[in-house]
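For reference, the chains in residue letters:
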Amino acid sequence: MRKIECIIKPFKLDDVKSVLTDLGITGMTVSEVRGFGRQKGHTELYRGAEYQIDFIPKVKIDLVIPADMVAKVVAAVQKEACTGRIGDGKIFVTPVEQSIRIRTGENGPDSL
């Protein structure tokens, strides 16, 4: 099993969710997060005063999937989340040693 964390632009969430559902992904966790990478934030103008926005709003999607689906899922997320501009996000893939469904006690891939 692998955990995939995707940090994407908020307006791309519906597109990414749709393609993941089409791939058969039955569960995901979505969080609103804020951060910055190479873009280092930006400045905005409010009532004539300029101020710095250090942390940009993003959406984080967490998935735990069977290892054999990783390549398909990563390719699909990358395609759907890409705008070609700075700040499109990141995808992280990490191994998962164990997963347990609390309600039934199932573990491993059966718990997904």
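Look up a bit, the structure's there.
Our subject in this report is the structure included herewith. Owing to the predicted nature of the structure, the values given are computational and were not obtained by experimental measurement.

About the criteria used
Residues numbered from 1 in each chain as written. Predicted model: local features only at pLDDT ≥ 70, side-chain atom pairs only at ≥ 80, totals over all residues. Heavy atoms only, no water. Disulfide = S-S within 2.5 Å. Buried < 20%, exposed > 50% of the residue type's maximum accessible area, 1.4 Å probe, protein only. Core = buried A, V, L, I, M, F, W, Y, C linked by side-chain atoms within 4.5 Å. Helix = DSSP H or I, 4+ residues; strand = E, 2+ residues; numbered from the N terminus. Contact = heavy atoms within 4.5 Å. Salt bridge = Lys/Arg side-chain N within 4 Å of Asp/Glu carboxyl O. Pairing = 2+ DSSP bridges. Axes fitted to C-alpha atoms, helices over the stretch in contact; angles between N-to-C directions. Parallel < 35°, antiparallel > 145°, perpendicular 65-115°, else oblique. Left-handed = near helix turned anticlockwise from the far one by under 90°. Nonpolar A, V, L, I, M, F, W, Y, C, P; charged D, E, K, R; others polar.

1. Structural notes on the state of the cysteines
Disulfides are covalent bonds that connect the sulfur atoms of two cysteines.
In step 1: Enumeration according to the criterion identifies 0 disulfides in this entry.
In step 2: Free cysteine: Cys6, not disulfide-bonded; nearest cysteine sulfur from Cys82 at 14 Å.
In step 3: Among the residues examined, Cys6 registers a relative accessible area of 0% and is labelled buried.
In step 4: Looking at Cys82, the relative accessible area reads 45%, which means it is partly exposed.

2. Observations concerning the nonpolar core
In step 1: Formed by 15 residues in total, the largest nonpolar core has its most connected members in Leu63, Ile65 and Val73.
In step 2: Listed by contribution, the elements that provide at least two residues to this core are strand E1 (2-8), helix H1 (13-22), strand E5 (56-65) and helix H2 (70-81).
In step 3: With near-sequence residues (within four places) excluded, Val73 lies in contact with Ile4, Leu20, Leu23, Ile25, Leu63 and Ile65.

3. Considering the environment of Ala71
In step 1: The topology assignment puts Ala71 in helix H2.
In step 2: Accessibility expressed as a relative area gives 58% for Ala71, which makes it exposed.
In step 3: Between the C-alpha atoms of Ala71 and Asn107, which are 36 residues apart in sequence, the distance is 23 Å.

4. Some words on the pattern of salt bridges
In step 1: In the structure shown here, the tally under the stated rule is 4 salt bridges.
In step 2: The residue Lys12 makes a salt bridge to Asp15 at a minimum N-O spacing of 3.7 Å.
In step 3: The exposure class of Lys12 is buried, given its relative accessible area of 13%.
In step 4: Among the ionic pairs, Glu106 bridges to Arg101, the shortest N-O distance being 3.6 Å.
In step 5: Given a relative accessible area of 30%, Glu106 falls into the partly exposed group.

5. So, the pairing of E5
Consecutive side chains of a regular strand alternate in pointing toward one face of the sheet and then the other.
In step 1: In terms of residue burial, E5 counts as a mostly covered element, since 7 of its 10 residues are buried.
In step 2: Where E1 lies against E5, 7 bridges are found, and the strand directions are antiparallel. Its bridge partner lying in E5, Arg2 is registered against Ile65.
In step 3: With 7 bridges joining them, strand E2 (residues 29-35) and E5 adopt antiparallel strand pairing. Its bridge partner lying in E5, Gly35 is registered against Ile56.

6. Points about the packing of H1 against H2
In step 1: Look at H1 against H2: their axes get within 9 Å of each other, and the N-to-C directions meet at 150°. Overall, the two elements H1 and H2 adopt an arrangement that is roughly antiparallel. At the point where H1 passes H2, the crossing takes the right-handed sense. Here Asp15, Val16, Val19 and Leu20 of H1 come into contact with H2, specifically with Val73, Ala76, Val77, Glu80 and Ala81.
In step 2: When the residues that make up the contact of H1 with H2 are grouped by side-chain class, the tally is 7 nonpolar, no polar and 2 charged.

In short, the description is geometric, and any link to function would need to be established separately.
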